[in-house]
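Here's the letter readout for the chains.
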Amino acid sequence: NAVRDITGNTASAAIVSTGNLYLKNVIMANNTCGAAGAAIYATAGLIDVSDCIFINNSIAKSLNRNYGGAAIYSNKVPLSVKNTIFEDNFAYTGGAIFVTTKAVTLDNCSFYNNQAPGSYSGGGAIILMQTGTSYINNCTFVNNSANDGGAISVTNGHILKLNSSVFANNYANANNGGGAAYMPTGSSVTNCIFLNNTDLKYGRTISSSNTGASFEDNWWSQNESNKDVNPKGTYGNFNKNVNSYII
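Residues numbered from 1 in each chain as written. Predicted model: local features only at pLDDT ≥ 70, side-chain atom pairs only at ≥ 80, totals over all residues. Heavy atoms only, no water.

A. Region of the structure containing the packing of aromatic side chains. One pass over the structure, following the stated rule, counts ten aromatic pairs. Measuring from centroid to centroid gives 4.7 Å for F86 and F111, while their planes differ by 5°, and the two rings are stacked. In this pair, F86 sits in strand β12 (residues 85-87) while F111 sits in strand β15 (residues 110-112), placing the two residues 25 residues apart along the sequence. For the pair formed by F86 and F111, the shared burial category is buried. (Phe/Tyr/Trp six-rings, centres within 6.5 Å; stacked < 30°, edge-to-face > 60°. Helix = DSSP H or I, 4+ residues; strand = E, 2+ residues; numbered from the N terminus. Buried < 20%, exposed > 50% of the residue type's maximum accessible area, 1.4 Å probe, protein only.)

Following this line, the structure appears as structure tokens:
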């Protein structure tokens, strides 16, 4: 099954969901709209996605910080995604996925070459905004880019639990930085691998606000800035970390 080549003027070109949405074995490709969620735009119910591909979806005019998520825009809707690929999606905030308030669970997903070049919030692959606790497990992030949080950006009030995931060749070039991710207090990173991620402004693999995120049992390549400790500036504070390794 495929949903492709649909163009919309404002919110979602393809699917607008106000109830429970279950999507399996579907390709969502080349959909474009002017505001949010070119492939999926959801404002109620829940979203459950498995074994899908989201490729080359784009947001044409999402200059406002409140819009983005070329593949999935989830506004106060619980989101679960498994075994799904997100590739070459573009939005000014949250290149592939944009979530406000509710929890997200991602398992065994891959994010390649997604972009969010807008001047606020970032998240080349994913942005998580406002309150909620989200879980990302066994995911891969490669060649994603944004002004901050090259792969993932998490705003204050939202907590991310990141486990057993790989980040390679992601980059950020402005704002709060974080070649791989930007995340707030209370977030945690466990058993992840970081390879060749770049922050052009501050030189941080991960930036963290306030008193910081916690790290344990992560692997870092030689050129990564953090090594589970980032001594640089206000946006580089981390809690005490245990058992980090160098590749």
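B. Molecular detail of unusual backbone geometry. One non-glycine residue, K76, lies in positive phi territory at about 65°. Relative to the elements of secondary structure, K76 occurs in the loop between β10 (72-75) and β11 (79-82). Judged by relative accessible area, which is 52%, K76 ranks as exposed. Unlike most non-glycine residues, N191 shows phi in positive territory, near 55°. Note on placement: N191 falls in the loop between β26 (188-190) and β27 (193-195). Given the relative accessible area of 40%, N191 is considered partly exposed.

C. Just the nonpolar core, in detail. Ranked by size, the top nonpolar core spans 47 residues in total, and within it F54 and I72 carry the most contacts. Here this core takes three residues from strand β29 (residues 206-216), the largest share from any one element. Not counting residues within four places of it along the chain, the set of residues in contact with I72 comprises I40, I47, V49, F54, L79, V81, F86, A96, I97 and F98. Core analysis: the next-biggest nonpolar cluster, separate from the first, contains six residues, A36, F98, I127 and M129 among them. (Core = buried A, V, L, I, M, F, W, Y, C linked by side-chain atoms within 4.5 Å. Contact = heavy atoms within 4.5 Å.)

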